[in-house]
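A structural walkthrough
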Amino acid sequence: KQEVTQIPAALSVPEGENLVLNCSFTDSAIYNLQWFRQDPGKGLTSLLLIQSSQREQTSGRLNASLDKSSGRSTLYIAASQPGDSATYLCAAHGAGSYQLTFGKGTKLSVIP
Amino acid sequence: DVKVTQSSRYLVKRTGEKVFLECVQDMDHENMFWYRQDPGLGLRLIYFSYDVKMKEKGDIPEGYSVSREKKERFSLILESASTNQTSMYLCASSEGGIYNEQFFGPGTRLTVL
């Protein structure tokens, strides 16, 4: 059964720093991996979707990478801002399945 | 932009009540999903539907049922609400096919007393 882990559970950085959020998964037979943002008490906002055939995907200050062989994905946030403060979740989409398997998230705080 | 709406942001019900949570999407998506999110447990799939009147169980279907009579609407039903069903409920939708990007609604915070 697929397991997705996000470490650390919480991260605090000063404004302006570049940072990396980590996501690891146990079963490399994934079709794609999706990164989400969740603000307190709200739903999930899709940030990036990386197909298994891709290595990277970029949107503005966000860059997500995927290494299936090592079971890892990273979300890079450039020049962090206080508005980036939120919980970031990754979810792996297993081959042959409708289901996403979610990590428990990393809570990011960007300090002004 | 894809829009997924949920009928209530907050809901308080009593033990034993029948509860309906409604989800509507406006992008003609074939697939719809219901998740619950709990601290320390993350998001877990309850049910999903890949077409009208079609449904499949997720990881935790016990105590829940679903209904999809129209393509745009997917309902989650708690037949007899219990306190352990207090949770955040999230609906999502995606285009047809297995592997498409999922888009989420704002969530319903359900409290069962």
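Each remark here, short or long, concerns the structure printed above.
Here's a quick rundown of the structure. (Residues numbered from 1 in each chain as written. Chains lettered and ligands numbered in written order. Predicted model: local features only at pLDDT ≥ 70, side-chain atom pairs only at ≥ 80, totals over all residues. Heavy atoms only, no water.)

1. What to know about the overall build of chain B
Threshold: Numbering goes from the N terminus for both helices and strands, where a helix is a DSSP run of H or I of at least four residues and a strand is a run of E of at least two. We compute the radius of gyration from the C-alpha atoms alone; for a globule the expected value is 2.2 Å times N to the 0.38, where N is the number of residues. Buried means the residue's accessible area, taken with a 1.4 Å probe over protein chains only, is under 20% of the maximum for its type, while exposed means over 50%, and partly exposed covers the values in between. Whether two residues touch is decided by their heavy atoms; if any such pair falls within 4.5 Å, the residues are in contact. Exposure was quantified through the Shrake-Rupley algorithm and a 1.4 Å probe, taking into account, for residues, occlusion by the shown protein chains and nothing else. Asp and Glu count as negative and Lys and Arg as positive, but His and the ends of the chain are not part of the count. Taken as the charge location is NZ of Lys, CZ of Arg, CG of Asp or CD of Glu.
When its secondary structure is counted, chain B shows zero helices and eleven strands. Helices and strands in chain B line up, N terminus first, as β-β-β-β-β-β-β-β-β-β-β. By the compact-globule yardstick of 13 Å for 113 residues, chain B fits well, its C-alpha radius of gyration being 13 Å. On the principal axes, the C-alpha backbone points of chain B span a range of 40 × 25 × 25 Å. Counting only residues that meet the buried cut, chain B has 47% of its 113 residues in that class. If you take every contact in chain B between residues at least 6 apart in sequence, the share linking residues at least 24 apart comes to 56%. When the accessible surface of chain B is summed, it comes to about 5,400 Å², and 49% of that surface belongs to carbon and sulfur atoms. Positive and negative side-chain charges in chain B, numbering 15 and 16 respectively, have mean positions lying 7 Å apart.

2. Observations regarding the pattern of salt bridges
All names here are of chain B. In plain terms, the rule: For salt bridges, the criterion is a side-chain nitrogen of Lys or Arg within 4 Å of an Asp or Glu carboxyl oxygen.
Scanning the entire structure with this criterion turns up nine salt bridges over all chains. A salt bridge links R73 to E22, with the nearest nitrogen and oxygen atoms 3.9 Å apart. Taken together, the positions of R73 in strand β8 (residues 73-78) and E22 in strand β3 (residues 19-25) put the pair 51 residues apart, joining distant regions of the chain. The shortest N-O distance in the salt bridge between E69 and K53 comes to 2.5 Å. Of this pair, E69 sits in strand β7 (residues 64-70) while K53 sits in the loop between β5 (42-51) and β6 (54-57), and the two are 16 residues apart along the sequence. Bridged by salt links that share partners, the residues D28, E30 and K71 form one connected network.

3. A look at the interface of chain B and chain A
Here is the rule we go by: Put simply, buried area is how much 1.4 Å-probe accessible surface two parts lose in total, over both of them, once they are put together. In the analysis that follows, any N or O atom pair within 3.5 Å is treated as a polar contact, provided that within protein one partner can donate a hydrogen and the other can accept it, and provided that, for residues neighboring in sequence, both atoms belong to side chains. Asp, Glu, Lys and Arg are counted as charged, while Ala, Val, Leu, Ile, Met, Phe, Trp, Tyr, Cys and Pro are counted as nonpolar; the rest, among them Gly, fall into the polar class.
Contacts between the two partners involve 25 residues from chain B and, on the opposite side, 22 residues from chain A. Counting the surface lost from both chain B and chain A, the interface buries some 1,900 Å², and carbon and sulfur atoms represent 60% of this. For the pair chain B and chain A, the interface holds zero salt bridges. The tally of links from chain B across to chain A stands at seven residue pairs in polar contact (both at pLDDT 80 or more). Those elements that provide at least two residues to the side of chain B that touches chain A are β4 (31-38), β5 and β9 (87-94) of chain B. For the side of chain B that touches chain A, the element with the most residues is β5(B), which contributes five residues. Its residues assigned to classes, the side of chain B that touches chain A shows 13 nonpolar, nine polar and three charged.

4. Here's the deal with the packing of aromatic side chains
Worth spelling out the cut-off: Any two of the Phe, Tyr and Trp rings considered here, Trp counted by its six-membered ring, make a pair once their centres fall within 6.5 Å; the pair's planes then place it as stacked at under 30 degrees, edge-to-face at over 60, or tilted in between. In this scheme, the term charge over a ring applies when either NZ of a lysine or CZ of an arginine sits within 6 Å of the ring centre and within 35 degrees of the ring normal.
Within the structure shown, the criterion is met by eleven aromatic pairs over all chains. Relative to F104(B), the ring of F36(A) has its centre 5.3 Å away and its plane inclined at 85°; by these criteria the two rings are edge-to-face. Taken together, the residues F36(A) in strand β4 (residues 30-38) and F104(B) in strand β10 (residues 103-104) connect one chain to another. Like F104(B), F36(A) is buried. Geometrically, the ring pair formed by F33(B) and F48(B) is stacked, given 5.9 Å between the ring centres and 25° between the ring planes. Of this pair, F33(B) sits in strand β4 while F48(B) sits in strand β5, and the two are 15 residues apart along the sequence. With relative accessibility at 1%, the residue F33(B) sits in the buried group. In this arrangement the basic side chain of R9(B) is found over the ring face of Y10(B), its NZ or CZ atom lying 5.6 Å from the centre.

5. Here we look at the nonpolar core
Quick note on the threshold: Take the buried Ala, Val, Leu, Ile, Met, Phe, Trp, Tyr and Cys residues and link them wherever side-chain atoms come within 4.5 Å; each set so joined is a nonpolar core.
Membership of the largest hydrophobic core comes to 22 residues, with the highest contact counts inside it found for L21(A), L33(A), W35(A), L75(A), I77(A), Y88(A) and L108(A). Secondary structure elements with two or more residues in this core: β3 (19-25), β4, β5 (44-51), β7 (62-67), β8 (72-77), β9 (86-94) and β11 (106-111) of chain A. In contact with I77(A), not counting residues within four places along its chain, are E17(A), N18(A), L19(A), L21(A), R61(A), L62(A), D84(A), Y88(A) and L108(A). Grouped together as the second largest cluster of nonpolar side chains are 20 residues, C23(B), F74(B), C91(B) and L110(B) included.

6. Describing the environment of M32(B)
All names here are of chain B. Looking at where M32 falls in the secondary structure, it is placed in strand β4. On the basis of relative accessible area, M32 is assigned to the buried category, the value being 0%. Residues M32 and F48, 16 residues apart in the sequence, show an inter-C-alpha distance of 5.6 Å. Ignoring anything within four residues of it in the chain, the contact list for M32 reads C23, Q25, F48, S49, R68, K71, E72, R73, F74, C91, A92 and S93.

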